[in-house]
Amino acid sequence: LSAALTFAPLRDSYGAVQLSILGDRTNKFHSLLRHDCPVDSVLRVKGVVAARTDKDINPRMKTGEVEILVSSLDILSVSDFSVPVLYEHSELVNLENRPVHLRHGDIQKTLRFRSQLVHRLRRRLVEEYAFVEVETPTLARRTPGGAREFIVPTRDENK
């Protein structure tokens, strides 16, 4: 990072784009991004999407032909946990860090595919077959033991 120019990646659920911070805003935003903004914090960025010059195009990024020239940047929510960088962990580690694991590209792709499939199925059932989806409450009886009556499987043999 230089004093006159700062670059930072901005990621959302669809991918990443490079932020470019130029000129007099550099010192303020540089400090904000470097010291007050851990990975996976939530930001609000305003700026102009601009085409990169031919020599600056990054073929490794889907959005490598553009960048955002930042005019304002605010931190809306600071991440309060350290994010595991690699997602190829054991199933137990992935379950312990489920919110982070759900951000992985392959998981996102699967979730989006499943959502679109179910949406298309429901739309077809409604439009072509006059299907009516009815939700009913789960009927259950209270028991004196409550949740203690149900056995919950665990991977820890001592619990």
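With that settled, the discussion passes to the nonpolar core. For soluble globular proteins, nonpolar side chains are generally found buried alongside one another. Residues Ala8, Val17, Leu19, Ile21, Phe29, Leu33, Cys37, Leu43, Ile68, Val70 and Leu73 constitute the largest nonpolar core, which totals 11 residues. Excluding residues within four positions of it along the chain, leucine 73 makes contact with Leu19, Phe29, Leu32, Leu33, Arg44 and Val45.

With that settled, consider the side chain of arginine 52. Take arginine 52: it is sitting in the loop between strand S3 (42-51) and strand S4 (66-77). The buried category is assigned to arginine 52, whose relative accessible area is 9%. Of the polar contacts made by the side chain of arginine 52, one reaches the backbone oxygen of valine 66; its length is 3.3 Å. Non-local contacts of arginine 52, meaning those with residues more than four positions away in its chain, are made with Gln18, Ile57, Asn58, Met61, Gly64, Glu65, Val66 and Glu67.

Residues in a regular strand point their side chains to alternate faces of the sheet. Across eight bridges, the pairing between strand S1 (residues 5-12) and strand S2 (residues 15-22) is antiparallel. Across the sheet, the residue bridging to alanine 8 is leucine 19, located in S2. Counted along the chain from S1 to the antiparallel partner S2, the turn is two residues long.

Taken together, four strands build an open sheet; the order of strands is S1-S2-S4-S3 and the sheet is mixed. Bordering the open sheet on either side are S1 and S3, each of which pairs with just one other strand. The mean angle between the axes of side-by-side strands here comes to 40°, regardless of whether they run parallel or antiparallel. In this sheet, S4 lies alongside S3 in antiparallel orientation, the contact comprising 10 bridges. Bridging from a neighbouring strand, alanine 51 pairs with valine 66 of S4.

Applying the stated criterion to the full structure yields five salt bridges. For the salt bridge of arginine 52 with glutamate 67, the shortest nitrogen-to-oxygen distance reads 3.8 Å. Placement of the pair is arginine 52 in the loop between S3 and S4 and glutamate 67 in strand S4, with a sequence separation of 15 residues. A salt bridge links aspartate 56 to lysine 55, with the nearest nitrogen and oxygen atoms 3.6 Å apart.

Attention now goes to the confidence of the model for the protein chain. In this model, the protein chain carries a mean pLDDT of 79, and residues with pLDDT of at least 70 account for 77%. At the level of individual helices and strands, the protein chain shows its lowest average pLDDT in helix H1 (residues 26-35), which scores 68, and its highest in helix H4 (residues 105-129), which scores 93.

On to unusual backbone geometry, then. Backbone geometry at alanine 130 places phi at a positive 55°, although glycine is not the residue there. Assignment of secondary structure puts alanine 130 in the segment after H4. By relative accessible area, which is 60% here, alanine 130 ends up exposed.

Thresholds applied
Each chain has its residues counted from 1, running along the sequence as written. Local features in this predicted model are restricted to residues of pLDDT 70 or higher, and side-chain atom pairs are both shown and tallied only at a pLDDT of 80 or more, whereas totals for entire chains, interfaces and linings draw on every residue. With hydrogens and water set aside, each side-chain value is computed from the structure's full complement of heavy atoms. Nonpolar core, defined: a set of buried Ala, Val, Leu, Ile, Met, Phe, Trp, Tyr and Cys residues in which side-chain atoms within 4.5 Å join the residues together. Three labels apply to residues, based on accessible area from a 1.4 Å probe with only protein chains included: buried if under 20% of the type maximum, exposed if over 50%, partly exposed otherwise in between. By definition in these notes, contact holds between two residues if any of their heavy atoms fall within 4.5 Å. Segments assigned H or I by DSSP are reported as helices when at least four residues long, segments assigned E as strands when at least two residues long, and all are numbered from the N terminus. Whenever a nitrogen or oxygen atom comes within 3.5 Å of another N or O atom, the pair is scored as a polar contact, on the condition that within protein one atom can donate a hydrogen and the other can accept it, and that pairs from neighbouring residues in sequence are kept only if both atoms are in side chains. At least two DSSP bridges between two strands are required for those strands to pair. In this description, a line fitted to the C-alpha atoms serves as the axis of each element, helices being fitted only across the stretch in contact, and the angle between N-to-C directions of two axes falls anywhere from 0 to 180 degrees. The salt bridge definition used is simple: a Lys or Arg side-chain nitrogen within 4 Å of an Asp or Glu carboxyl oxygen. You can read pLDDT as the predictor saying how much it trusts each residue, on a scale of 0 to 100.

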